2 protein chains.
Amino acid sequence: MTTERPYHHGDLRRAVLDAAVEAITEHGPGGVGLRDLARRVGVSHAGPVHHFKDKAGLLTALAAEGFTLLADALDATVAAGGDIVDLGATYVRFAVGHRAHFEVMFRPDLYHGDDPALTEARDRAGAALAGGVADRPDPELASVAAWSLVHGFATLWNTGALSRTDRDPEAMVRAFAGSMFLT
Amino acid sequence: MTTERPYHHGDLRRAVLDAAVEAITEHGPGGVGLRDLARRVGVSHAGPVHHFKDKAGLLTALAAEGFTLLADALDATVAAGGDIVDLGATYVRFAVGHRAHFEVMFRPDLYHGDDPALTEARDRAGAALAGGVADRPDPELASVAAWSLVHGFATLWNTGALSRTDRDPEAMVRAFAGSMFLT
DNA sequence: AACGCGAACTTGACAGTGACAAGATTGCGT
DNA sequence: ACGCAATCTTGTCACTGTCAAGTTCGCGTT
């Protein structure tokens, strides 16, 4: 049960997660501290521990939430009849709009990778992405290629390596994903 | 002068950098500690500080070394008459073969991004990569696309997200980079 | 309606970290 | 040969994550 009921604080679990997102967005992961989060939320220094057990436990919850959000967005794109390019655009839109989640998700040394909620959401996202290229000659290769393209663009964008351009990220990814996968 | 002469230890700077590479390869960045490195090298806990000033200073040196190695490899590929696909293969080969360097290089929140040696090497690598697509209709877009493809593949590979395949990474990147950029 | 069980949170402590200041050691140029 | 300055050590401080023990308080049970 990961239920959260209004006891003393109201909803500490959610509050800590939100504070973590804010802190990570500002200073990157690693710049986040359990005690610091507790301070931001107005709780004693060991308050969050009761909800997440570990620092890794907190980041596990964040990563699981991220994979769930991503999988939902990809599934919605598929349900709306989107093709590969739309899936890529959704992926990039998620990465740019949820930078904190995204950065944690792909840093498996920070969390417990065997968490059931996490693996379930991660597999769901992977399946949605792979479904877009299932009808190609070499589906595995095509899937990896598509994922690499959008993932690389998203990470480069988020780390600021692409800062010299002022184009819209989603438009960019649509442009070259289209020219590569729709010929 | 970042010279390193055999004083008391012999060559502390190099030894600490090597120890850092080993530690990061094992436990990822963040799992590396100044004191821990000092212990590995057999030096007092504040020994490394004199060479790098900061923890961030140490990682800055590592990142600069990484960008230099990458730029050298890319330049060599160009000098040997390599095309876009060869450049991509070199990029991936570097990322997989120098995982510790590569991981630090693209985590700018860990080091001082304005270090002159670092920026010089980074720009050199960027220029080599961009040179491979200079004759395209939209060079900026093509450059970003190529970089995204190989960078995404490299990071996904290194984080273990692609672990379900047992193919050779360089062969994979050659396969889909070829089908995308040589048509 | 009161009571006590257990969840939510606090307090206190411990080992380990990065950073700094001040002292000890030793190679090297003059 | 001598002293300077780079190299390294020792000691300390504030801070962190984690654990153990205490405290508060909502809620179901009777």
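Before any of the text, the structure's been laid out above.
Because the structure is predicted, anything quoted here is derived from the model rather than measured.

### Things to note about the overall build of chain A
- Broken down by element type, chain A carries nine helices and zero strands.
- Listed N to C, the secondary structure of chain A is α-α-α-α-α-α-α-α-α in terms of helices and strands.
- Its C-alpha atoms put chain A at 60 × 40 × 30 Å along the principal axes.
- Buried residues in chain A amount to 40% of all 183 residues.
- Of the contacts formed within chain A by residues at least 6 apart in sequence, a portion of 70% connects residues at least 24 apart.

### Thoughts on the interface of chain B and chain A
- With 28 residues of chain B at the interface, the matching set in chain A holds 28 residues.
- Of all the secondary structure elements, the ones that give two or more residues to the side of chain B that touches chain A are helix H8 (139-159) and helix H9 (169-181) of chain B.
- A per-element tally of the side of chain B that touches chain A places H8(B) first, with 13 residues.
- Looking at the side of chain B that touches chain A residue by residue, the class counts come to 14 nonpolar, 12 polar and two charged.

### Quick word on the relation of the copies chain B and chain A
- Between the two copies, chain B and chain A, the superposition gives an RMSD of 0.0 Å; the rotation angle is 180° and the shift along the axis is 0.0 Å. Given the turn and translation reported, the copies of this chain are related as if by a two-fold rotation axis. Relative to the rotation axis, the closest C-alpha in chain B is found at Gly152(B), a distance of 1.6 Å.
- When the interface residues of chain B are mapped onto chain A, 100% of them again lie at the interface, so the same face is used by both copies.

### Thoughts on the packing of helix H1 (residues 12-27) of chain A against helix H2 (residues 34-41) of chain A
Residue and element names in this part refer to chain A.
- Between H1 and H2, whose axes approach to 9 Å, the crossing angle comes to 115°. Looking at the two axes, H1 sits roughly perpendicular to H2. Our pair here, H1 against H2, has a crossing hand that is right-handed. For the pair H1 and H2, contact is made by Leu12, Ala15, Val16, Ala19, Ala20 and Ala23 and by Asp36, Leu37, Arg40 and Val41, respectively.
- For the contact of H1 with H2, the per-class residue count stands at eight nonpolar, no polar and two charged.

### Considerations on unusual backbone geometry
- Positioned with a positive phi, Lys53(A) is a non-glycine residue whose angle comes to about 70°.
- For Lys53(A), a count of 13 C-beta atoms within 10 Å puts it in the partly exposed group.

### So, the environment of Phe102(A)
Residues and elements named next belong to chain A.
- Mapped onto the elements of the fold, phenylalanine 102 is located in helix H6 (residues 99-105).
- Considering only alpha carbons, one finds phenylalanine 102 and leucine 62, 40 residues apart in sequence, at a separation of 9.3 Å.
- Leaving out residues up to four positions away in the same chain, phenylalanine 102 has contacts with Gly66, Phe94, Ala95, Ala154 and Asn158.

### Thoughts on the packing of helix H4 (residues 55-79) of chain B against helix H5 (residues 84-97) of chain B
Residues and elements named next belong to chain B.
- For the pair H4 and H5, interaxial distance at closest approach is 9 Å and the crossing angle is 150°. Classified by the interaxial angle, the pair formed by H4 and H5 is roughly antiparallel. At the point where H4 passes H5, the crossing takes the right-handed sense. Listed contacts from H5 to Leu69, Leu70, Ala73, Leu74 and Thr77 of H4 are Asp86, Leu87, Thr90 and Phe94.
- The class makeup of the residues in the contact of H4 with H5 is six nonpolar, two polar and one charged.

What counts, and where the lines are drawn
- Residues numbered from 1 in each chain as written.
- Chains lettered and ligands numbered in written order.
- Predicted model: local features only at pLDDT ≥ 70, side-chain atom pairs only at ≥ 80, totals over all residues.
- Helix = DSSP H or I, 4+ residues; strand = E, 2+ residues; numbered from the N terminus.
- Buried ≥ 20, exposed ≤ 12 C-beta atoms within 10 Å, placed from the backbone.
- Contact = placed C-beta atoms within 7 Å.
- Nonpolar A, V, L, I, M, F, W, Y, C, P; charged D, E, K, R; others polar.
- Least-squares fit on C-alpha atoms with pLDDT ≥ 70 in both.
- Axes fitted to C-alpha atoms, helices over the stretch in contact; angles between N-to-C directions.
- Parallel < 35°, antiparallel > 145°, perpendicular 65-115°, else oblique.
- Left-handed = near helix turned anticlockwise from the far one by under 90°.

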